[in-house]
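# Report on the structure
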Amino acid sequence: MSTTIAAPAQATATVDFLPLHGTDYVELYVGNAKQAAHYYKTAFGFQSLAYAGPETGTMDKVSYVIRQNKLTFVLTTALRSGTDISAHVDKHGDGVKFLALKVDDATDAWKQTTMRGGKSYMEPKTLKDANGEIVMSGIHTYGDTVHLFIERKNYNGVFMPGFREWKSVYNPESTGLLYVDHCVGNVGWNQMNPWVKFYEDVMGFRNILSFDDKDISTEYSALMSKVMSNGNGYVKFPINEPAEGKKKSQVEEYLDFYDGEGVQHVAIATANIIETVTELKNRGVEFLSIPEAYYADVLDRVGTIDEDLEPLSKLGILIDRDDEGYLLQIFSKPLQDRPTLFFEIIQRKGAKSFGKGNFKALFEALEREQDARGNL
Ligand code: FE2
C-alpha cells in the first residue's frame, strides 16, 4: 500500500458526536517552569498571560501560561518530589502532558467518549471564580498523554479559575506564530492501528492520509504514519509508529528517550514563514539543516511558488505540493536535552497535506543528528 487520500469528509459525515473548535492549549510538564517560560517567550515570541502557584492557592505545583495569537502553552512544574508531575518529568523529561481541546459542552464530550471506550482521566468538573466558570473533563490517549475537553463559554477571566493574570515587563515581540496546525504522536511497534481505531471509535475522527514505510524510508530507517482528523478538520493528529530498517528509526529513538509513547511534534502555523523563521533563528532557535542539493531540483517537483527560492534555501525551509496547493515547512531541533519533542513551523498555501515529498530529505537530516548522538 502506498499513500492513500480518503474521500472528502462530506461524503461520509454523519452527526459529529464530538464537535471540536480547535486546540485550547498545550500543557507541558517540565523540570523548571520558570526557566522554560522564559525560554519559550524569548525564543518563540510568546507573551505572559497567567500564573498559578502557591500565591493563588496551588500548593504543590506552579504553572505559567504564555500566549501568542491563538497559540496557548502552559508550562507546569512540581514544587515537591513524589508527585505525579515530578514522576512524569523523571520518566519522560520535559514533554506534553495535555492536548486540551475547545468544546461547547465538556460534560457531553466526556460522556460521548467514555461511553465509546475512552478511559476517563477526569470526570466533568466545574471551576468557578468571579469571572464565571469553566467546565473541564478529560480522557487518556497514548502513553501518559491526556486530552482535556475545555468548555469556556461562560468564562471571561484571563485563563481559568485558579490562575491570576501574569503581568510581566518583559514581553518579547511575536514571531508570527498563529495557532496549532497539528500535533503528532509517536506510538510503539504495531500500535499505530490500535490508536487509529481509538481516534475513530472514541473521538469520531477519520483517517485522512496514510503513509507506509515505502513513502517514509531512507537507506537506514523507516516509519509509518496515519493522519487522523476530526469532523471539521480543526484538529489533526498524525500517529507514527516505527518500521523495520537497517538501523534504529527516529521514532524508536524517541520512544527510548521519552521512555514510552508521547507527542513528537507540535506544528505551528504562520502566515509568513520566511519572516517567522528569520526571527526565530535570530533568537537562537535551531532547525534541522537541509542539504543544498534539495533546492537544486525542488521547483521541478513542486512547480511555481510565490516566494523566491533563495531565502527559503538560506533558511532551510522545505516545500511540498498536493492537489490543492503547496506548503512551506521547517522542523526545529529538539526543544529540550532529550531528543524528543520538537516544533514544526508551517505555512499552508492551499495544501492540506503534511509534506510527504519532503520526508526523505527531512529524515536524512534527522538521521545525521541521530548519528551524531550515537543513536542510529
Ligand atoms: Fe508535522
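Everything that follows concerns the structure shown earlier in this document.
The present account deals with the structure reproduced in this document. (Residues numbered from 1 in each chain as written. Predicted model: local features only at pLDDT ≥ 70, side-chain atom pairs only at ≥ 80, totals over all residues. Heavy atoms only, no water.)

Note on the iron ion: its protein donors are His182 (NE2), His265 (NE2) and Glu344 (OE). The metal-donor distances range over 2.0 to 2.2 Å. Each donor residue of the iron ion belongs to the same chain, and together they define the spacing H-x82-H-x78-E. Note that His182 is positioned in strand E11 (residues 177–186) and Glu344 in strand E18 (residues 342–349), a separation of 162 residues in sequence. Here the two residues His182 and Glu344 agree in accessibility, since each one is buried. (Donors = N, O, S within 2.8 Å, 3.2 Å for Na, K, Ca; no water. Helix = DSSP H or I, 4+ residues; strand = E, 2+ residues; numbered from the N terminus. Buried < 20%, exposed > 50% of the residue type's maximum accessible area, 1.4 Å probe, protein only.)

Each regular strand displays side chains that alternate between the two surfaces of the sheet. For strand E4 (residues 61–68), a buried count of 6 out of 8 residues is recorded, marking the element as mostly surrounded by other parts of the structure. Sheet analysis places strand E3 (residues 47–52) next to E4, joined by 5 bridges and oriented antiparallel. The residue of E4 that forms the bridge with Ala52 is Ser63. Bridge count for E4 against strand E5 (residues 71–78) is 8 bridges, and the pairing is antiparallel. (Pairing = 2+ DSSP bridges.)

Here the focus is the sheet that holds strand E2 (residues 23–29). One key point about sheets: their strands pair by backbone hydrogen bonds, in either a parallel or an antiparallel sense. Taken in spatial order, the 9 strands line up as E7-E8-E9-E6-E2-E5-E4-E3-E10 in an open sheet, and their pairing is mixed. Each end of this open sheet is capped by a strand with a single partner; those strands are strand E7 (120–129) and strand E10 (164–165). Where strand E8 (residues 132–140) meets strand E9 (residues 146–151), 6 bridges bridge the pair, whose relative direction is antiparallel. Directly across from Met136, in E9, lies its bridge partner Ile150. Across the sheet, helix H4 (residues 106–115) touches E7, E8 and E9, and the angle it forms with E8 is around 15 degrees. (Contact = heavy atoms within 4.5 Å. Axes fitted to C-alpha atoms, helices over the stretch in contact; angles between N-to-C directions.)

Next up on the list: unusual backbone geometry. Phi is positive for Asn69, close to 50 degrees, though the residue is something other than glycine. Along the polypeptide, Asn69 turns up in the loop between E4 and E5. One non-glycine residue, Asp259, adopts positive backbone phi at about 55 degrees. Relative to the assigned elements, Asp259 resides in the loop between helix H6 (250–258) and strand E15 (262–270).

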